[in-house]
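# Breakdown of the fold
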Amino acid sequence: MPSILRFEKVTVGFEGTPVLTDLSFEAWEGESRVILGSAGSGKTVLLKTALGLIKPDSGKVFVFGRDLTSLRERELFEIRSRIGMLFQESALFDSLTVEENVAYPLLNQRSIHCPAEEVHPRVVEALKFVELGAALEKFPSELSGGMRRRAAIARAVVTNPALTLYDSPTAGLDPITAHTIMALLVKARD
């Protein structure tokens, strides 16, 4: 079985300062990988490189067997639509309700092809999954940090992605909420 994500001798730097150097690894479907490191050690750069948002200075990145380093931006859209992403600090849209935030990838990623009548039920299912079924009409400013993170997880998994990336999913949360978030990530993987 081919890997779902593979880095081959990837090097990324900014203004002559290396961030990732000669990095190689593989991840397979159904597997969880944890990347540990101190602040500023390159974890977010690695995730952005896996999404094709950052091009490596050298090496290759393969997602679903396709070499991201050789694809044009338009071709990357299709690959990205198959990846769920939980950004650092959740990255919810402040002007949209929780329901609208979670529906966003279903409505705005052309390659997902979600019929309009399926959007609301899928959003409700995703929010129930993260135990936020009653928060559909709330805005992010009305939610606690843990609730915002759970809404962002719902947005990351609502498309049933083949690969899900989480950038510091428990950063800044109290231990009990962090444990809840980790349990949800395991539940989503399983």
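To start, this report covers the structure provided alongside it. Just so you know, these numbers come straight off a predicted model, no measurement behind them.

Scoring rules and cut-offs
Residues numbered from 1 in each chain as written. Predicted model: local features only at pLDDT ≥ 70, side-chain atom pairs only at ≥ 80, totals over all residues. Heavy atoms only, no water. Pairing = 2+ DSSP bridges. Helix = DSSP H or I, 4+ residues; strand = E, 2+ residues; numbered from the N terminus. Axes fitted to C-alpha atoms, helices over the stretch in contact; angles between N-to-C directions. Parallel < 35°, antiparallel > 145°, perpendicular 65-115°, else oblique. Left-handed = near helix turned anticlockwise from the far one by under 90°. Contact = heavy atoms within 4.5 Å. Nonpolar A, V, L, I, M, F, W, Y, C, P; charged D, E, K, R; others polar. Buried < 20%, exposed > 50% of the residue type's maximum accessible area, 1.4 Å probe, protein only. Phe/Tyr/Trp six-rings, centres within 6.5 Å; stacked < 30°, edge-to-face > 60°. Salt bridge = Lys/Arg side-chain N within 4 Å of Asp/Glu carboxyl O.

## Details of the pairing of strand S1 (residues 5–14)
Examined bridge by bridge, S1 and strand S2 (residues 17–27) share seven bridges and lie antiparallel to one another. Of the residues in S2, the one forming a bridge with arginine 6 is glutamate 26. Taking the residues that link successive antiparallel strands as the turn, the S1-S2 hairpin has two residues, and the phi of glutamate 15 there is positive, at about 50°.

## So, the packing of helix H3 (residues 98–108) against helix H4 (residues 116–129)
Contact geometry of H3 with H4 gives a least axis separation of 9 Å together with a crossing angle of 120°. Accordingly, the angle class assigned to the pair H3 and H4 is oblique. Of the two possible hands of crossing, H3 and H4 adopt the one that is right-handed. Taking contact as the criterion, the partners of Val98, Glu99, Val102, Ala103, Leu106 and Leu107 in H3 are, on H4, Val119, His120, Arg122, Val123, Ala126 and Leu127. When grouped by side-chain class, the residues that make up the contact of H3 with H4 number nine nonpolar, one polar and two charged.

## A few points about unusual backbone geometry
Of note, the phi angle at glutamate 15 is positive, near 50°, even though the residue is not glycine. Mapped onto the elements of the fold, glutamate 15 is located in the loop between S1 and S2. A residue is classified by how much of its surface remains accessible, and glutamate 15, at 86% relative accessible area, is exposed. Of note, the phi angle at phenylalanine 64 is positive, near 55°, even though the residue is not glycine. On the secondary structure map, phenylalanine 64 appears in the loop between strand S3 (58–63) and strand S4 (66–67).

## Description of the packing of aromatic side chains
Going through the model one piece at a time under the given rule, you end up with two aromatic pairs. Ring geometry for phenylalanine 7 against phenylalanine 25: centres 4.8 Å apart, planes inclined by 25°, an arrangement best described as stacked. In this pair, phenylalanine 7 is assigned in strand S1 and phenylalanine 25 in strand S2, connecting sequence segments 18 residues apart. Judged on exposure class, the residue phenylalanine 7 and its partner phenylalanine 25 are both buried. For the pair phenylalanine 93 and tyrosine 104, a centre-to-centre distance of 4.8 Å together with 50° between the ring planes defines the contact as tilted. With phenylalanine 93 in the loop between strand S5 (83–86) and H3 and tyrosine 104 in helix H3, this pair connects stretches of sequence that are 11 residues apart.

## Some thoughts on the pattern of salt bridges
Overall, the coordinates contain five salt bridges when judged by the stated rule. Between arginine 6 and glutamate 8 there is a salt bridge whose closest N-O contact spans 2.9 Å. Classification of arginine 6 by relative accessible area gives partly exposed; the value is 24%. Notably, a salt bridge pairs glutamate 78 with arginine 66, separated by 3.6 Å at the nearest N-O pair. With glutamate 78 in helix H2 (residues 73–80) and arginine 66 in strand S4, the pair connects residues that are 12 residues apart, well separated along the chain.

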